[in-house]
Amino acid sequence: RHKAGDWRTSPEPRSGEQGGAMAFWSYQGGAMASSTIDTILDKPAFELSELLADDELLQECKAVNARLIEYLSKPAVIDSLFTYIMVEPTSADTNERCYTFPYVSSELLSCDIKEIHEAIHSDACVGQLTRLLAFPEPAGALNPVLVGYYAKVLSTLFKHDPAVFLATLDVHASGGRLGYICTLMAHLDMQSIADLIATLTTPLETLTAAPPPPPMMLGGLGRETTRRVAGAMDDEEGEDHWLDVADFSIKLLEAVESSASAEVHALAAGVFAGLVLQCGWGVMVAHPPLVAKLLDVAIEGSEQSARTCALCMISELLKLYAFERTIGTDDDVFKRDEQLQPFVIALSQQIEGFVAMLNLEPVLAPHLLPFLHDGGFADSLLVMPVGAFRIALYSLLAKFLPLCDKETKLALMQCRFLEIALDAFERYPNNNSLHNAITSLVLYALKVENASPELALSLIRDAKISHRLSALTRERCTDDDSASLQFVNRPLMPGPKAVVRSAYMGHVIVMGNALLAKEEGSTEVREALSRDTVWRDFADGPLAAANVNEKKTLGGTAPTRGEDNDDSDDDEMFSSKELDLDTMAAALAKHQAQRARTLSSSTDGDIGGGDDDEDAQEMTSEVERRFGQYMEQKGFLHELDGGLSAISREQDARASEGWDAEFDEDGAGGSADFGSKQRDFFRGSSGGGSDDDDDEGGSFCGGGGVGSGG
């Protein structure tokens, strides 16, 4: 192991080593193999492309090859690496220049190696760094592949040392750090740019903090960590952030307004959601210009996807507020409610506009427009879809309704909001997102804890919820009975009794149970439903049957075997007893011994008498015998410890070897000795047993004087 050339005894590290370590792939057959990277570096002159084309480059770089790192840290080499990830290749370039070199360059710059990062931020690389930061400035479209490489490199530089990178942006980027991020927003239609913006706007204390524990493993602790990171209301955590997140959010909304791209709107909503999670909702709702901008884009936005984006942003604020409210103390809840109140008032003032937008037709994607005729959806091959905009609006209203005051709820009822919602619920039977939002609205209206039953009464009297639920659960039948198809989908398959279960049936049962509970807890609701025969038929019929069905074991009862039914008494006998492995092994051994004695008596009738059977039954209790049969039939031998299987194998071997010795004509002492061994084997005794032990030992030899040997 210590022959010459062994890397463990080499006095000097090679170029593939640092501090006595080297890449494992350079060690072959007990001696060092020359790396192809070292071979290239040993040349008096070589090109960077030779290294980039070598398959071992990334491994050698991650193994901290000292000579390689020194070469890659040169300003000219860094400039070439930047060129590969920023300059689009031409049609005359090779495949390596088009695909391999940009990818390998991005991986080298993303290896997070200290020497390379220091070289990039050094004075010698000022020109290269300035050119790197100017990459997103052109107004035209960028190559999405190169943008992905660029975003990865910039994210690595930022995470390596956030303070140094932000200082570099202030000095070398046009407009400083905020101006650079605004430049990136001009290309927000790319996922890589959105991810880079989300990374650069992350609070510095979040980057330097230890990662939170997994919520699934630590339960409440993980959730508390999430609350601590995300719940920056008006505390110091949000104040330490280098970015004014409220002003930046306004710039984000301006980018949404100025773009007609649905991709930009969707990615902007994702960036905002990350900001809210990192910096908290409090700093957002406490900024009146941002609140006004959100409502303006949500209602007056030029593009429907832009309005959808603003609605999703508002929903994110309310969702995080609701989450923090569930885990805070009473003082925290009171403080949060006070902080959110101005935002709730601003939303309440626009409630009629929100309800009016529920009837807007969704804007279809361009590839679906050929299916529409001049008359729109009324004269087309398509049914008007619910659209992302209306789903976002229903989701927002489901979160906002519990926060409304009495006047706002009255305005919602006057706008017939609940009727519109239930109409949409019926019209789109397979849209689960829509069903969840509308079910949340109905459940809040029917909540038993609500002191005021106005919403529940509006559901019963105006929206006719009992009639709707009854119609939705009506049995679907053939086309002959068309009356039953009024509120349900037509059968999708031809033939008699073609029945297809709609996706909303589970939600219908949930709403029916909520109405049933409200009826039991509210006198006004009980009186409103007292003369409703449709409701009573539904509650006593389909709803009751569905509740009974829900209580059944999933998959039905477990299958049984005939012997299981026969041994029901055994199951009852042993189900209440805690029997360990030793007890089961001893009982099984006794049962097998009893079988051996019975077999011996039936095979050799001239040896031993009938008294042996009676003695055997006296010494083996009924419980032990039946327990042995029970384990043998149930196959417990396969479930026990491996030692029990060894006991069974050893018993068979010893029994087959001992029968001749036991019945040897001259072997009274030998048979007695064998009986003693069998007794020790089955009972675990080591000599000096009780009377029961004597009976067991003698029973193998029959009666007579031999038994006294036990």
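Further up the page is the structure itself.
Rules and cut-offs
Residues numbered from 1 in each chain as written. Predicted model: local features only at pLDDT ≥ 70, side-chain atom pairs only at ≥ 80, totals over all residues. Heavy atoms only, no water. Helix = DSSP H or I, 4+ residues; strand = E, 2+ residues; numbered from the N terminus. Buried < 20%, exposed > 50% of the residue type's maximum accessible area, 1.4 Å probe, protein only. 1 Å grid on protein atoms, 1.4 Å probe; cavity = no way out; pocket = protein on both sides within 12 Å on 5 of 7 lines; lining within 4 Å. Points joined across faces, edges and corners; volume = space filled by probe spheres on them. Core = buried A, V, L, I, M, F, W, Y, C linked by side-chain atoms within 4.5 Å. Contact = heavy atoms within 4.5 Å. Phe/Tyr/Trp six-rings, centres within 6.5 Å; stacked < 30°, edge-to-face > 60°. Lys NZ or Arg CZ within 6 Å of the ring centre and 35° of its normal. Salt bridge = Lys/Arg side-chain N within 4 Å of Asp/Glu carboxyl O. Polar contact = N/O pair within 3.5 Å; in protein donor to acceptor, adjacent residues only side chain to side chain. Axes fitted to C-alpha atoms, helices over the stretch in contact; angles between N-to-C directions. Parallel < 35°, antiparallel > 145°, perpendicular 65-115°, else oblique. Left-handed = near helix turned anticlockwise from the far one by under 90°. Nonpolar A, V, L, I, M, F, W, Y, C, P; charged D, E, K, R; others polar. Expected span 1.5 Å × (residues − 1).

## Describing the overall build of the protein
Of regular secondary structure, the protein possesses 40 helices and four strands. Going through the 710 residues of the protein one by one, you find that 43% of them count as buried.

## As for the layout of surface pockets
Estimates place the volume of the largest pocket at around 450 Å³. Lining the largest pocket we find 21 residues, and of these Ala262, Gln304, Ser305, Val363 and Ala388 sit closest to its centre. Counting residues per element, the ones that place at least two in the lining of the largest pocket are α18 (262-279), α21 (304-327) and α24 (387-400). Here the lining of the largest pocket gets five residues from one element, more than from any other, and that element is α21.

## Looking at the nonpolar core
The biggest cluster of nonpolar side chains holds 162 residues, and the ones touching the most others in it are Tyr180, Phe354 and Tyr394. It is α21 that provides the largest number of residues to this core, a total of 10 residues. Look past the residues within four positions of Tyr394 in its chain and what remains in contact with it is Leu358, Phe417, Ile420, Ala421, Ala424, Leu434, Ala437, Ile438 and Leu441.

## What about the packing of aromatic side chains?
All told, the structure shown has seven aromatic pairs when counted by the stated rule. Ring plane angle 45° and centroid distance 5.1 Å describe the contact between Phe46 and Tyr71, whose orientation is recorded as tilted. Residue Phe46 is located in the loop between α1 (36-41) and α2 (48-52), and its partner Tyr71 is located in helix α4 (residues 66-72); the two are separated by 25 residues in the primary sequence. Measuring from ring centre to ring centre gives 5.8 Å for Trp535 and Phe538, while their planes differ by 45°; the resulting arrangement is tilted. Taken as a pair, Trp535 and Phe538 lie in helix α32 (residues 533-550) at a separation of three residues, close to a single helical turn. Just as Trp535 is buried, Phe538 falls in that class too. Between the NZ or CZ atom of Arg307 and the centre of the ring of Phe389, over which it lies, the distance is 5.3 Å.

## Observations concerning the environment of Gly179
The residue Gly179 is located in helix α11 (residues 176-185) in this model. Accessibility expressed as a relative area gives 18% for Gly179, which makes it buried. The sequence separation of Gly179 and Leu169 amounts to 10 residues, and the corresponding C-alpha distance is 9.0 Å.

## Observations regarding the pattern of salt bridges
Considering all chains together, one arrives at 15 salt bridges under this definition. With its nearest N and O atoms 2.5 Å apart, the salt bridge here joins Lys152 to Glu107. Here Glu107 lies in helix α6 (residues 95-109) and Lys152 lies in helix α9 (residues 144-160), a separation of 45 residues in the sequence. The exposure class assigned to Lys152 is partly exposed, which follows from its relative accessible area of 35%.

## Some thoughts on the side chain of Ser106
Turning to its location among the elements, Ser106 is positioned in helix α6. Residue Ser106 is classed as buried on the basis of its relative accessible area, which comes to 1%. Here the side chain of Ser106 touches Tyr103 through a polar contact of 2.7 Å, landing on its backbone oxygen. Sequence-distant contacts of Ser106, defined by excluding residues within four places in its chain, comprise Ile85, Tyr149 and Val153.

## A closer look at unusual backbone geometry
Phi at Val64 is positive, roughly 60°, even though this residue is not glycine. Note that Val64 resides in the loop between α3 (57-62) and α4. Judged by its relative accessible area of 27%, Val64 falls in the partly exposed class. A positive phi angle, close to 60°, is found at Asp112, a residue other than glycine. Tracing the backbone through its elements, the reader meets Asp112 in the loop between α6 and α7 (114-120).

## Focus: the packing of helix α17 (residues 245-258) against helix α20 (residues 288-300)
For any two helices packed against each other, one specifies the inter-axial angle together with the distance between the axes. Contact geometry of α17 with α20 gives a least axis separation of 9 Å together with a crossing angle of 20°. Looking at the two axes, α17 sits roughly parallel to α20. Here α17 and α20 pass one another in a crossing that is left-handed. Where α17 abuts α20, its residues Ala246, Ser249, Ile250, Leu253, Glu254 and Glu257 lie against Pro289, Leu290, Lys293, Leu294, Asp296 and Val297. Looking at the contact of α17 with α20, its residues break down into seven nonpolar, one polar and four charged.

## Comments concerning helix α30 (residues 505-521)
Between its first and last C-alpha, α30 extends 25 Å over 17 residues, near the 24 Å set by a 1.5 Å rise per residue. Regarding α30, the residues found buried are Met505, His507, Val508, Ile509, Met511, Gly512, Ala514, Leu515, Lys518 and Glu519. Considering only its buried residues, α30 is in contact with α26 (417-427), α27 (432-445), α28 (454-461), α29 (465-472), α31 (523-530) and α32.

## Re α20
Think of an α-helix as 3.6 residues a turn; residues three or four steps apart then line up on the same face. Compared with an ideal rise of 1.5 Å per residue, which puts 13 residues at 18 Å, α20 spans 18 Å between its outermost C-alpha atoms and is within 8% of the ideal. Residues of α20 that are buried include every one of Leu290, Val291, Lys293, Leu294, Leu295, Val297, Ala298 and Ile299, and no others. In this structure, the buried residues of α20 make contact with α17, α19 (282-285), α21, α22 (330-348) and α23 (351-356).

Worth remembering: the numbers are spatial, not functional.
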